[in-house]
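Coordinate inspection notes
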Amino acid sequence: DAGVTQSPTHLIKTRGQQVTLRCSPKSGHDTVSWYQQALGQGPQFIFQYYEEEERQRGNFPDRFSGHQFPNYSSELNVNALLLGDSALYLCASSLHVDGETQYFGPGTRLLVL
Amino acid sequence: AQRVTQPEKLLSVFKGAPVELKCNYSYSGSPELFWYVQYSRQRLQLLLRHISRESIKGFTADLNKGETSFHLKKPFAQEEDSAMYYCALRRSNYQLIWGAGTKLIIKP
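These numbers were taken from a predicted model, which means no experiment stands behind them. (Residues numbered from 1 in each chain as written. Chains lettered and ligands numbered in written order. Predicted model: local features only at pLDDT ≥ 70, side-chain atom pairs only at ≥ 80, totals over all residues. Heavy atoms only, no water.)

So, about the pairing of strand β5 (residues 44-50) of chain A. All names here are of chain A. Burial of β5 is extensive: 6 of the 7 residues sit out of reach of the surface. Relative to β5, strand β4 (residues 31-37) runs antiparallel, the two being bridged by 6 bridges. Paired with Ser33 across the two strands is Gln48, which belongs to β5. The antiparallel hairpin formed by β4 and β5 contains 6 residues in its connecting segment, where Gly40 sits at a positive phi of about 80°. Bridge count for β5 against strand β6 (residues 53-57) is 4 bridges, and the pairing is antiparallel. (Buried < 20%, exposed > 50% of the residue type's maximum accessible area, 1.4 Å probe, protein only. Helix = DSSP H or I, 4+ residues; strand = E, 2+ residues; numbered from the N terminus. Pairing = 2+ DSSP bridges.)

Moving on, we get to the interface of chain A and chain B. Each partner contributes residues to the interface: chain A has 22 residues there, and chain B has 18 residues. Of the roughly 1,700 Å² buried between chain A and chain B, counting both surfaces, carbon and sulfur atoms make up 45%. On the surface where chain A and chain B come into contact, there are 0 salt bridges. Mapped by element, the contributors of at least two residues to the side of chain A that touches chain B are β4 and β6 of chain A. (Contact = heavy atoms within 4.5 Å. Buried area = accessible area lost by both parts, 1.4 Å probe. Salt bridge = Lys/Arg side-chain N within 4 Å of Asp/Glu carboxyl O.)

On to the pattern of salt bridges, then. Residues and elements named next belong to chain B. Taken as a whole, this structure holds 8 salt bridges over all chains when the rule is applied. Taking the shortest distance from any N to any O, the salt bridge between Glu32 and Arg90 comes out at 3.4 Å. Of this pair, Glu32 sits in strand β5 (residues 32-38) while Arg90 sits in strand β9 (residues 83-90), placing them 58 residues apart in sequence. Each of the two residues, Glu32 as well as Arg90, counts as buried. Here the residues in one salt-bridge network are Glu20, Lys22 and Lys73, joined through shared partners.

Moving on, we get to the state of the cysteines. Enumeration over the complete set of coordinates arrives at 2 disulfides over all chains. Note that A:Cys23 is cross-linked by a disulfide to A:Cys91, the S-S spacing being 1.8 Å. Because the sign of the S-S torsion sets the handedness, a value of about -55° for the bond joining A:Cys23 and A:Cys91 places this disulfide among the left-handed ones. Taken together, the positions of A:Cys23 in strand β3 (residues 19-24) and A:Cys91 in strand β9 (residues 87-94) put the pair 68 residues apart, joining distant regions of the chain. Comparing A:Cys23 with A:Cys91, the two get one shared label, buried. Here B:Cys23 engages in a disulfide with B:Cys87; their sulfurs sit 2.0 Å apart. For the disulfide bridge between B:Cys23 and B:Cys87, the dihedral angle about the S-S bond is near -65°, and by the sign convention the bridge is left-handed. In this pair, B:Cys23 sits in the loop between β3 (19-21) and β4 (24-26) while B:Cys87 sits in strand β9, placing the two residues 64 residues apart along the sequence. Note on B:Cys23: relative accessible area 0%, which makes it buried. (Disulfide = S-S within 2.5 Å.)

Below, the discussion takes up the sheet that holds strand β1 (residues 5-7) of chain A. Residue and element names in this part refer to chain A. Pairing is antiparallel across the open sheet formed by 4 strands, whose spatial order is β1-β3-β8-β7. Of all strands in the sheet, those with a lone pairing partner are β1 and β7 (64-68), marking the two edges. Neighbour-to-neighbour, the strand axes of the sheet open up by a mean angle of 20°, direction not taken into account. As paired strands, β7 and strand β8 (residues 74-78) are joined by 5 bridges and run antiparallel to one another. Residue Gly66 lies in a different strand from β8, and its bridge partner there is Leu76. (Axes fitted to C-alpha atoms, helices over the stretch in contact; angles between N-to-C directions.)

Before going further, it helps to examine the pairing of strand β2 (residues 10-14) of chain B. Residue and element names in this part refer to chain B. Only one face of β2 is buried: it carries Leu11 and Val13, and the other face, with Leu10, Ser12 and Phe14, is open. As defined by bridge partners, β2 adjoins strand β11 (residues 102-107) across 5 bridges and the pair is classed as parallel. Looking across to β11, one finds that Val13 is bridged to Ile106.

Residues and elements named next belong to chain A. A cluster of nonpolar side chains, contributed by Ile12, Leu111 and Leu113, occupies part of the molecular surface with about 300 Å² of accessible area. Relative to the elements of secondary structure, Leu111 occurs in strand β11 (residues 108-112). A residue is classified by how much of its surface remains accessible, and Leu111, at 38% relative accessible area, is partly exposed. (Patch = residues over 30% accessible without salt bridge, like charges linked within 9 Å, V, L, I, M, F, W, Y side chains within 5 Å. Areas by Shrake-Rupley, 256 points an atom, 1.4 Å probe, with all protein chains shown as cover.)

From the geometry alone we can't say anything about function, so treat these as descriptive.
Here it is, written out as structure tokens:
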């Protein structure tokens, strides 16, 4: 089991563009959470997906959207990129929404120029 | 406001010395608290959770509701403990609120 995987590892975009980040959960996990981690900060919760629906959402604008597929993998989409969206985006999976332990992927580092 | 505060961005101690990483929280409900660790070039991983009252890699953490703290302690630091440590609080809706992290450096 490779654990949680994310792609791509790095990405450079320009302001106004759109980006899609991908995540495959740990084998057996059905819940995916996305976090944004700015430099020098802890992760900030974006949203959580379970049973292909967004279950929880943090304080992020509608430019941030997601999707979960029947195989539990997930995508994070960000539209109209801003310079401030530059960050490490982490995906974490767990067993059900109340799973105590979250398993993290290596992250996707997004740079917006 | 619900918040997790790690007052030290950087903590540097000598090998064999005691370590205490501070974590304070603000939460109106009954908190569930966790410590996560990120070693160099590795992914974020759970170190311990208060509910299990376990000791992992010699680390312990006690929830002090009176002082709203969940400090991480180890009596004798080892070089392999050098890492980034994050304290996190799980809300009643299962969302995690994270501190900004403390970078622990163990000097030989």
